[in-house]
Amino acid sequence: MICLTLSESTIAACVEKVRQEREYIDMAELRLDFLTKEECAKAKDFPSLVDLPCIVTNRRVSDGGRCQLSERARRAQLLDALDGGFKYIDIEEDLKRGELDEKAERKGVRIIRSLHDFNGVPDDIFSRIQQLRSRADVAKVAVTPRGIADVITLFNAQKELEGIDKIIIGMGPYGVCTRILYKRMGSMLTFASDSETAPGQISARDLKTLYRADQVDDKTAVYGIIGHGVLKSSSPKIHNPGFRGIKYNAVFVPFEVDSVRHFFALAEHLKMRGFAVTVPFKIDVLSYCGNITREVKQIGACNTVVRTPGLWKGINTDYYGFLAPILKYIESGRIKSALVIGAGGASNAIVWALRNRGVRVTILNRTLERAQRIAALNICQYDRLENAKAYEGQVDLVVQTTTVGMDGWENPVEGFEFTGREICYDIVYRPRMTKFLSDAAAKGCQLHFGDEMLIAQGMLQFEAFTGYHYPRSVKIDLS
Ligand code: NAP
């Protein structure tokens, strides 16, 4: 079940929110601590105004909520709400059994006993869940994994606590995968919100339509992307609709990762079939691959890992993904020379792809040593970024591979005079139109966008993951 946590301040706004999100949710949690005092008095009316089962909660500040009332007043609000038709009430672990439990039992309201830990995952989490369950109908723990080792502990709950009615939530960036794969922990529901009432929450729409979290079962093949900051990755928007397009019971999940070693252990635990790799792990994963392709050997980095019988295989789809939109121009001789701006991980693969196709390359980078290293590996020229103007009118292709332009309206080769003849390609995909491309467009250059490379490399990953071409019927929407 997908449960929407409501953070509106009035009952009318909560009802409206449920109406807007209704097609994505199975339950709603009314948070009294977000309501004004006057609106709290109307809480008992809420269940009759919506057509789904409701939880009532009044979260203290110490548990991540907003209720600053005395304990007595806080409980009084909950007691009053129990006169409405709530299906569940959430009562914190440390509250002694009392009038709340008694009234809930009299009214047939199921009791959730909850534990919150914003600093980690308790070592004795399984016995804590058992204790909570012994005092209530459902045990709930909302804990904060500090890394993938803690995430593995949470996924062990399915086996360790089989048959126990429980809700398990991993908060924070490492916990995001547990919110999507909640059924793999044996959790009866996952919470959704677009206003982050708890760290790492995902919108109900994404849980339902992008990840289809409520449809994950024991047979669902799990894929994902690992790296830092992957929660903003566009890859789930490529792979999940693709899986649906070929009617494949699979899900693609972002995994924020601290340790590649631990992640491979998690991948075994979840019986993962493959995953995409991004910064900073494109080199680290190589030690765990029993087989790597020629491109990975040559580039020294891998952006895709797939399970093959007995071993993990490392692939590099950035290489072909980058070439896909411009290959015809290289083959026709329209592109014979290129200026590659930047000398990071992506540049390394791009320079190799261009050199392999016989294109003359000059690398420009802020840090000269990095440009020098890639140039030595690929037998090409390099120079300082500030010397860019020396190459005006000299090249057929200008590729922008730095991170400049991702976070601001900036061009790393500001003032570079395009002749209008150059093909200009920025691999930054968010925003789609960067200052670099905008400056090139103003001079009439042909443009290629980062999302072209992203989609092309993603489609190749899809083939490596599934053995099927990416379905033509699926229109990829990266917005
Ligand atoms: P990276 O390894 O961290 O390299 C970053 C590059 O940006 C380095 O050359 C760095 O220069 C340069 N740089 C950073 N800040 C700069 C500044 N203020 N001025 C000048 N240069 C600066 O990153 P990466 O993995 O290569 O990724 C680079 C970009 O490509 C990212 O935006 C990423 O999202 C994008 N990308 C897109 C695709 C796609 O499919 N479209 C695939 C891969 C990557 P120094 O060496 O001097 O630090």
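Rules of the game
- Residues numbered from 1 in each chain as written.
- Predicted model: local features only at pLDDT ≥ 70, side-chain atom pairs only at ≥ 80, totals over all residues.
- Heavy atoms only, no water.
- Helix = DSSP H or I, 4+ residues; strand = E, 2+ residues; numbered from the N terminus.
- Buried < 20%, exposed > 50% of the residue type's maximum accessible area, 1.4 Å probe, protein only.
- Contact = heavy atoms within 4.5 Å.
- Areas by Shrake-Rupley, 256 points an atom, 1.4 Å probe, with all protein chains shown as cover.
- Lys, Arg positive; Asp, Glu negative; His and termini not counted.
- Charge placed at Lys NZ, Arg CZ, Asp CG, Glu CD.
- Domains from an automatic or database assignment.
- Buried area = accessible area lost by both parts, 1.4 Å probe.
- Salt bridge = Lys/Arg side-chain N within 4 Å of Asp/Glu carboxyl O.
- Polar contact = N/O pair within 3.5 Å; in protein donor to acceptor, adjacent residues only side chain to side chain.
- Arc of directions from axis to C-beta.
- Near = heavy atom within 4 Å.
- Nonpolar A, V, L, I, M, F, W, Y, C, P; charged D, E, K, R; others polar.

**Student:** Explain the overall build of the protein here, please?
**Tutor:** Check the secondary structure of the protein and you find 19 helices and 20 strands. In terms of overall dimensions, the protein has a C-alpha envelope of 80 × 50 × 40 Å along the principal axes. Per-residue burial for the protein yields a buried fraction of 56% across its 479 residues. Taking all contacts inside the protein whose residues are at least 6 apart in sequence as the whole, residues at least 24 apart take part in 66%. Accessible area of the protein: about 20500 Å², with a carbon and sulfur share of 49%. Averaged over its 65 positive side-chain charges, the protein has a centre that lies 4 Å from the centre of its 60 negative ones.

**Student:** Even after reading the chapter, I still don't get the domain arrangement of the protein, so can you show me in this structure?
**Tutor:** Many authors give the size of an interface as the accessible area that is lost as the parts come together. Domain boundaries assigned for the protein yield domain 1 (2–218), domain 2 (231–316) and domain 3 (321–448). Computed from C-alpha atoms alone, the centre-to-centre distance between domain 2 and domain 3 is 27 Å. Interface of domain 2 and domain 3: buried area, both sides summed, is about 560 Å²; carbon and sulfur atoms make up 45% of it. Sorting the residues of domain 2 by area buried against domain 3 places S234, Q298 and I299 first, and these three jointly supply 67% of that buried surface. Between domain 2 and domain 3 we count zero salt bridges in total. Connecting domain 2 to domain 3 are four residue pairs in polar contact (both at pLDDT 80 or more).

**Student:** Is there a simple way to explain helix α1 (residues 11–21) in this structure?
**Tutor:** Three or four residues apart is the spacing at which side chains of an α-helix point the same way, because the helix has 3.6 residues per turn. Regarding α1, the residues found buried are I11, C14, K17, V18 and E21. The arc enclosing the buried residues of α1, seen along the axis, measures out at 120 degrees, which places them on a common side. Looking at α1, the residues exposed on the side facing more than 90 degrees away from the buried face are A12 and R19. Next to the buried residues of α1 lie β1 (2–6), β2 (27–31), α2 (37–40), α3 (46–49) and α10 (204–210).

**Student:** Can you help me understand the side chain of D90 in this one?
**Tutor:** Relative to the helices and strands, D90 resides in strand β4 (residues 88–92). Side chain to side chain, D90 and S114 meet in a polar contact 2.7 Å long. What D90 contacts, discounting residues up to four positions off in sequence, is E29, I55, V56, T57, R59, I112, S114 and K140.

**Student:** Before we go on, may I ask you to explain the site of the ligand in this structure?
**Tutor:** Inspection of the region around the ligand gives 22 residues, with A346, N365, T367, R370 and I427 positioned closest. One of the backbone N or O atoms of G450 is found 3.0 Å from a nitrogen atom in the ligand. At 3.3 Å from an oxygen atom of the ligand is found a main-chain nitrogen or oxygen belonging to L454. Relative to its unbound accessible area of 930 Å², the ligand is 79% covered by the protein chains. For the shell around the ligand, the elements supplying multiple residues, two or more each, are α16 (345–356) and α19 (450–466). The element best represented in the shell around the ligand is α19, accounting for three residues. Residue composition of the shell around the ligand, by class: 11 nonpolar, nine polar and two charged.

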